[in-house]
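One letter stands for each residue in the lines below.
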Amino acid sequence: FALVVSDASPKNAADLADRCRRSVSSLALPHPASALGHVTISVGVAVLDVCAVGGAVAAQAAELLRVSDESLYCAKQSGRDQVSASVACRSFEMP
């Protein structure tokens, strides 16, 4: 699933993701195949830093999704039940 939040700093977005992660873990839903014995989540966070170039400002949703997906896999590779955050910065010149 995706959670889209506007006007969040990288720290605020990561804090929100960590609260979600802790909330799911605190439910202690049984998961016998898990090393922890209960359901956990890993969260990939991406914050889009819209960069101004020559007075123009633009952003691409596809880049944000790509970076969030990379962050999710980084969190999973770090041992699961983790939060990993990244900032996507896209700059564009307007014609």
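Residues numbered from 1 in each chain as written. Predicted model: local features only at pLDDT ≥ 70, side-chain atom pairs only at ≥ 80, totals over all residues. Heavy atoms only, no water.

Examining the pattern of salt bridges
This model, assessed by the stated rule, comprises five salt bridges. The shortest N-O distance in the salt bridge between Arg21 and Asp81 comes to 3.2 Å. Placement of the pair is Arg21 in helix H1 (residues 10-26) and Asp81 in the loop between helix H2 (61-77) and strand S4 (83-90), with a sequence separation of 60 residues. Since its relative accessible area comes to 14%, Arg21 is described here as buried. Linked by salt bridges that have partners in common, Asp18, Arg21, Arg22 and Asp81 make up one network. (Salt bridge = Lys/Arg side-chain N within 4 Å of Asp/Glu carboxyl O. Helix = DSSP H or I, 4+ residues; strand = E, 2+ residues; numbered from the N terminus. Buried < 20%, exposed > 50% of the residue type's maximum accessible area, 1.4 Å probe, protein only.)

A closer look at the layout of surface pockets
By volume, the largest pocket amounts to about 800 Å³. Elements that contribute at least two residues to the lining of the largest pocket include exactly H1, strand S1 (43-50) and H2. Ranked by residue count, the leading element in the lining of the largest pocket is S1, at six residues. Residues belonging to the lining of the largest pocket are distributed by class as follows: 19 nonpolar, four polar and two charged. Of the voids in this model, the second largest pocket is the one considered here, and its volume is about 170 Å³. Contributing to the lining of the second largest pocket are Ser34, Ala35, Leu36, Thr40, Ile41, Ser42, Lys76, Gly79, Arg80 and Asp81. Taken together, the residues of the lining of the second largest pocket sort by class into three nonpolar, four polar and three charged. (1 Å grid on protein atoms, 1.4 Å probe; cavity = no way out; pocket = protein on both sides within 12 Å on 5 of 7 lines; lining within 4 Å. Points joined across faces, edges and corners; volume = space filled by probe spheres on them. Nonpolar A, V, L, I, M, F, W, Y, C, P; charged D, E, K, R; others polar.)

Focus: the confidence of the model for the protein chain
Of all residues in the protein chain, 77% have pLDDT values of 70 or greater, and the mean over the chain is 79. Looking across the protein chain, the model is least confident in strand S3 (residues 56-57), with a mean pLDDT of 39, and most confident in H1, with 93. For residues 52-58, every residue scores under 50 in pLDDT, and the model assigns this stretch 13 contacts once sequence neighbours within four places are set aside. (pLDDT = per-residue confidence, 0-100. Contact = heavy atoms within 4.5 Å.)

Concerning the nonpolar core
Membership of the largest hydrophobic core is limited to six residues, which are Ala13, Ala17, Ile41, Val43, Val45 and Val47. For this core, the secondary-structure elements that each account for two or more residues are H1 and S1. Tallying contributions element by element places S1 first for this core, with three residues. Apart from the residues within four sequence positions on either side, Ala13 is in contact with Ala8, Val45 and Val47. (Core = buried A, V, L, I, M, F, W, Y, C linked by side-chain atoms within 4.5 Å.)

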